[in-house]
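Notes for the structure review
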Amino acid sequence: MKVCKFGGTSLASAEQMKKVASIVMADSQRKIVVVSAPGKRFKEDTKVTDLLISLADAALTDGDVKEALRLVVSRYEQIALELKLSSTIVSVIEDDLQSRLVTKDEGEQEFIDLMKASGEDNCAKLFSYYMQSLGVNAHYVDPKEAGLLVSKEYGNAQVLPEAYDNLYKELRNKEGILIFPGFFGYTPEGTLVTFPRGGSDITGSIVAAAVEAELYENFTDVDSVFAANPNVVQNPVEISELTYREMRELSYAGFSVFHDEALIPAFKKGVPVCIKNTNNPAARGTMVVNERNFMINPVVGIASDSGFSTIYVRKYLMNREVGFGRRLLEIIEDEGLSYEHMPSGIDDTSVILRGSQLTAEMEARIVERIEKELHADDVHVEHDFAMVMVVGEGMKKMVGITAKATAGLARAGVNLHMINQGSSEVSMVFGVRATDADKAVRELYNDFFVATKSPVL
C-alpha cells in the first residue's frame, strides 16, 4: 500500500485534478490519497484557504459574507464544470459552507479552524466525486469517522497516540481508493482543530505511519529537492536521497518543500517518503530515508532563512555565576518567547530568536530586566540576521568541513556573527547579516558542490 498526498498547486484546477487522477490510477498500490485545498492557478491568484479566511473574517465582523462565499463556491464550481461533473457536488459544498457559517458564535478560534478546514474537506469530496465519475471505486473519508484524534490546540493540533490504531482499523483493509482531507483532525470531544503550517503534509505522514504504508509519496510542483534554493543558486544539483534528519534541518532553515515537523510520524514508523512532481510524475524524485550512503559528498544541502534577532548580553565573569543562563532564559520565557540558538563565551552570550516575536515594548522590558536583575554590563538587541545552514549526515565523519566553510565565507567577504554546530553534527549554522545570506549560500554551494564536481546526490 502507498499513501500519496497532493498539494494545493496539484489540485488548483480541473486540468491539475485530471493529472492527479491519472497518477493515482497508474499504480494500483496507491490506495489512500490525501488532498490539500486548491491552491493558486497562477501567480496573482488566491488560494482557497485564503478565500476561506476572508470569508471567516467577513462573518465575524458582519462584512459582505455573500460575496466572500460566492468567491469560494465559484472556485469549486469552475473545477466541477470543467470536469463535466453534475452540479450536485457544488450544492453539497455550498451547503457545507453554509452549515459552518452558522457556528460563528460558538467561539472565534473554533470557527476559524472550522472554516479553514473546509478547503481540504470539500476538495476531498469533489475529487472523490470526480474519481467516481471515471468509474473508479473511490470514497471520501471523514477524518472524524476514521478516528484522526488530535489535541485541542487551534491552529497547532498534535496527533494523539490512539489515532494511529483508529486509522489502521478504519483504513488499512478498506476497499477502493480512499480520499482523505488533509490539515485537520478532531478532539476526543468532537471539535475540529487544524494542524500548523504544512498541515496536509502532516496528515499524509500520520496516515502513512498509521496504515504502515510501503511508501509515502508527496506530490508537489518540483521534480525533486535541490541542494540549494534555485532562486539563489543557478541550476543546483538534485538530491536523489537524504535522511529524515537532513530533511528536517533543511526545512527548518528555509527549504519550502516540507514544514520541519511534517515528516515526524513517518520517520518514527520508518516509512520512506518520496517527493515527486505532479506535472512530471516520471521524474524519479527525492527519497527521504532513515539512512543513506554519504561517502559521495558529506554535505547534502545549503539553506538559509532570515528574520532573526539577537539579544546580546555581556557580564564580566559570567561563566562563574551559577544559574545565570537559567535566569536569562526565564526572562525570555516570561515574555512568551522561544529561542533558536544560544552561543556563549566566558563573559558574553547571545540569545537568537525569530524577530517576528518581538515588539519595541517587549525589547525594552527585556533589556531593563536583564540590566536590573542580572546586573549585566551591556545588553542590546540587534535585528536583520540570517541563519545559513550547511546540512549533511557525513560531516561528523569528515575532517575540515568547518574550515572549508569559513574559508569560503571569508573569500566572499561575509562577516560571521555566530557559528553553532548541533551535538548530532548533522548541521552547522552560521549567523550573518540578512543582506549577506544569498552571497553566503552561493559561496558555500560552490565550495561543496561545484568545486568538488559533485554529481546528482
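Residues numbered from 1 in each chain as written. Predicted model: local features only at pLDDT ≥ 70, side-chain atom pairs only at ≥ 80, totals over all residues. Heavy atoms only, no water.

The subject of this paragraph is the overall build of the chain. What the chain contains, in helices and strands, is 14 helices and 17 strands. Over its C-alpha atoms the chain spans a radius of gyration of 24 Å, differing by no more than 12% from the 23 Å that the globule rule assigns to 457 residues. Along the first, second and third principal axes, the C-alpha set of the chain runs to 75 × 55 × 40 Å. For the chain, the proportion of its 457 residues judged to be buried stands at 53%. The contacts in the chain between residues at least 6 apart in sequence include a share of 74% that link residues at least 24 apart. For the chain, the exposed area adds up to about 20300 Å²; of that, 48% sits on carbon and sulfur atoms. Counting 48 positive and 66 negative side-chain charges, the chain places the centres of these two groups 5 Å from one another. (Helix = DSSP H or I, 4+ residues; strand = E, 2+ residues; numbered from the N terminus. Rg over C-alpha atoms; globule rule 2.2 N^0.38 Å. Buried < 20%, exposed > 50% of the residue type's maximum accessible area, 1.4 Å probe, protein only. Contact = heavy atoms within 4.5 Å. Areas by Shrake-Rupley, 256 points an atom, 1.4 Å probe, with all protein chains shown as cover. Lys, Arg positive; Asp, Glu negative; His and termini not counted. Charge placed at Lys NZ, Arg CZ, Asp CG, Glu CD.)

Counted by the stated rule, this structure contains 28 salt bridges. Residue K5 pairs with D201 through a salt bridge whose shortest N-O separation is 2.9 Å. With K5 in strand β1 (residues 2-6) and D201 in helix α8 (residues 199-210), this residue pair connects regions lying 196 residues apart in the sequence. Each member of the pair, K5 as well as D201, is classed as buried. Salt bridges linked by common partners bring D96, R100, D121 and K125 together as one network. (Salt bridge = Lys/Arg side-chain N within 4 Å of Asp/Glu carboxyl O.)

Turning our attention to the sheet that holds strand β14 (residues 348-354). Across the sheet, 5 strands lie side by side as β14-β13-β15-β17-β16; this open sheet has antiparallel pairing. Strands at the two margins of the open sheet, each flanked by one partner only, are β14 and β16 (418-421). Adjacent strand axes in the sheet meet at a mean angle of 35°, parallel and antiparallel pairs treated alike. Where helix α12 (residues 360-374) meets the sheet, it contacts β13 (301-314) and β15 (378-391), and its direction lies at approximately 110° from that of β15. (Pairing = 2+ DSSP bridges. Axes fitted to C-alpha atoms, helices over the stretch in contact; angles between N-to-C directions.)

In this section: unusual backbone geometry. Phi at N235 is positive, roughly 50°, even though this residue is not glycine. Classification of N235 as exposed rests on a relative accessible area of 66%.

Turning to the packing of aromatic side chains, a few remarks are in order. Applying the stated criterion across every chain, the model contains 5 aromatic pairs. Residues F127 and Y130 carry aromatic rings whose centres are separated by 6.4 Å and whose planes lie at 50° to one another, so their mutual orientation is tilted. Residue F127 and its partner Y130 are located together in helix α5 (residues 108-133), separated by 3 residues, close to a single helical turn. Residues F127 and Y130 agree in their burial class; the two are buried. Looking at K125, its charged tip hangs above the ring of Y140, at a distance of 5.7 Å from the centre. (Phe/Tyr/Trp six-rings, centres within 6.5 Å; stacked < 30°, edge-to-face > 60°. Lys NZ or Arg CZ within 6 Å of the ring centre and 35° of its normal.)

Right, let's get into the nonpolar core. V3, I32, L171, F180, V390 and F448 are the most contacted members of the largest nonpolar core, which totals 81 residues. Counting residues in hydrophobic clusters, the runner-up holds 46 residues, among them I23, A58, L85 and M131. (Core = buried A, V, L, I, M, F, W, Y, C linked by side-chain atoms within 4.5 Å.)

Sheet strands associate in pairs through backbone hydrogen bonding, adopting either a parallel or an antiparallel arrangement. Here 8 strands make up an open sheet; going across it, the order is β3-β4-β2-β1-β7-β11-β12-β10 and the pairing mixed. At either margin of the open sheet sits one strand with a lone partner, and together these are β3 (138-140) and β10 (241-243). Each adjacent strand pair in this sheet contributes to an overall mean axis angle of 25°, direction not counted. Examined bridge by bridge, strand β11 (residues 273-277) and strand β12 (residues 286-289) share 3 bridges and lie antiparallel to one another. Paired with C274 across the two strands is M287, which belongs to β12. The sheet contacts of helix α9 (residues 244-252) involve β10, β11 and β12, and relative to β10 the element is tilted by about 85°.

Inspection of the secondary structure assignment puts V399 in the loop between β15 and α13 (401-411). Spatially, the C-alpha atom of V399 lies 23 Å from that of H417, the residues being 18 residues apart in sequence.

Before going further, it helps to spend a moment on the side chain of S200. Along the chain, S200 falls in helix α8. If near-sequence neighbours (up to four positions away) are discounted, S200 is found in contact with K5, V34, V35, S36, E120, G182, F183 and Y216.

With that out of the way, let us pick up the packing of helix α7 (residues 162-171) against α8. A pair of packed helices is characterised by two quantities: the angle between their axes and the separation of those axes. One way to put it is that α7 packs onto α8 with a least axis distance of 8 Å and a crossing angle of 70°. Viewed along their axes, α7 and α8 adopt a mutual orientation that is roughly perpendicular. In contact with Y164, L167, Y168 and L171 of α7, α8 contributes I206, V207, A209 and A210. (Parallel < 35°, antiparallel > 145°, perpendicular 65-115°, else oblique.)

Let us now look at α8. With 12 residues, α8 extends 16 Å between its outermost C-alpha atoms, agreeing within 8% with the 16 Å of an ideal straight helix rising 1.5 Å per residue. For α8, the buried fraction is high: 12 of the 12 residues fall into the buried class. (Expected span 1.5 Å × (residues − 1).)

Viewed as axis vectors pointing N to C, α13 and helix α14 (residues 437-450) meet at an angle of 130°, and their least axial separation amounts to 9 Å. Taken together, the axes of α13 and α14 are oblique relative to one another. For the element pair α13 and α14, the recorded crossing hand is right-handed. Touching I401, K404, A405, G408, L409 and R411 of α13 are A440, E443, L444, D447 and F448, all from α14. The residue inventory of the contact of α13 with α14, partitioned by class, reads 6 nonpolar, 1 polar and 4 charged. (Left-handed = near helix turned anticlockwise from the far one by under 90°. Nonpolar A, V, L, I, M, F, W, Y, C, P; charged D, E, K, R; others polar.)

Mapping R314 onto the fold places it in strand β13. For R314, a relative accessible area of 37% corresponds to the partly exposed category. On a C-alpha basis, the gap between R314 and D378 in space is 5.0 Å, while along the polypeptide they are 64 residues apart. In this structure R314 touches D347, D348, A376, D377 and D378, once residues within four positions along its chain are discounted.

Strand residues, when the strand is regular, have side chains that alternate between the two faces of the sheet. Inspection of the sheet shows β10 paired to β12 by 3 bridges, in the parallel sense. Paired with L242 across the strands is V288, a residue of β12.

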